[in-house]
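Survey of secondary and tertiary structure
Each chain, written out:
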Amino acid sequence: MSGMVEMYVEDGGEEILYYSFNSIAEASEMLSFLKEFFPLGTFTIQPLRH
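Residues numbered from 1 in each chain as written. Predicted model: local features only at pLDDT ≥ 70, side-chain atom pairs only at ≥ 80, totals over all residues. Heavy atoms only, no water.

1. Structural notes on the sheet that holds strand E2 (residues 14-21)
Which entries qualify depends on this criterion: Note: two strands are recorded as paired if DSSP finds a minimum of 2 bridges between them. Runs of H or I in DSSP of at least four residues are treated as helices and runs of E of at least two as strands, each being numbered from the N terminus. With axes taken as lines fitted to C-alpha atoms, and helix axes fitted only over the stretch in contact, angles between N-to-C directions fall between 0 and 180 degrees. By definition in these notes, contact holds between two residues if any of their heavy atoms fall within 4.5 Å.
Spatially, three strands are ordered E2-E1-E3 in an open sheet, and the strand pairing comes out antiparallel. The open sheet terminates on both sides in strands that have one partner only, identified here as E2 and strand E3 (42-47). The average undirected angle you get between the axes of adjacent strands in this sheet is 20°. Relative to E3, strand E1 (residues 5-11) runs antiparallel, the two sharing six bridges. The residue of E3 that forms the bridge with Tyr8 is Thr44. Contacts between helix H1 (residues 24-37) and the sheet are confined to E1, E2 and E3, with E1 contributing the most and set at about 15° to the helix.

Spelled out as structure tokens, the structure:
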């Protein structure tokens, strides 16, 4: 997968963070970092919507 992607972070059923990235690799790095702070969070990474 290449191109711009977006990531939503939900915690306790509430969307708490939104990020956009230039690549899936950047999103993966941030995902690894955020999992330490939101161990029960739900992370959604998808192609950036226009």
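2. A look at the nonpolar core
Under the convention used in this document: What we call a nonpolar core is a set of buried Ala, Val, Leu, Ile, Met, Phe, Trp, Tyr and Cys residues that are connected through their side-chain atoms within 4.5 Å. Exposure categories follow from relative accessible area, calculated using a 1.4 Å probe and restricted to protein chains: below 20% of the type maximum is buried, above 50% is exposed, and the middle band is partly exposed.
One finds Val5, Met7, Val9, Phe21, Ala27 and Leu34 forming the largest nonpolar core, which totals six residues. With three residues, the single largest contributor to this core is E1. Setting aside residues no more than four positions away along its own chain, Val5 makes contact with Tyr19, Ser20, Phe21, Ser23, Ile24, Ala27, Ile45, Gln46, Pro47 and Leu48.

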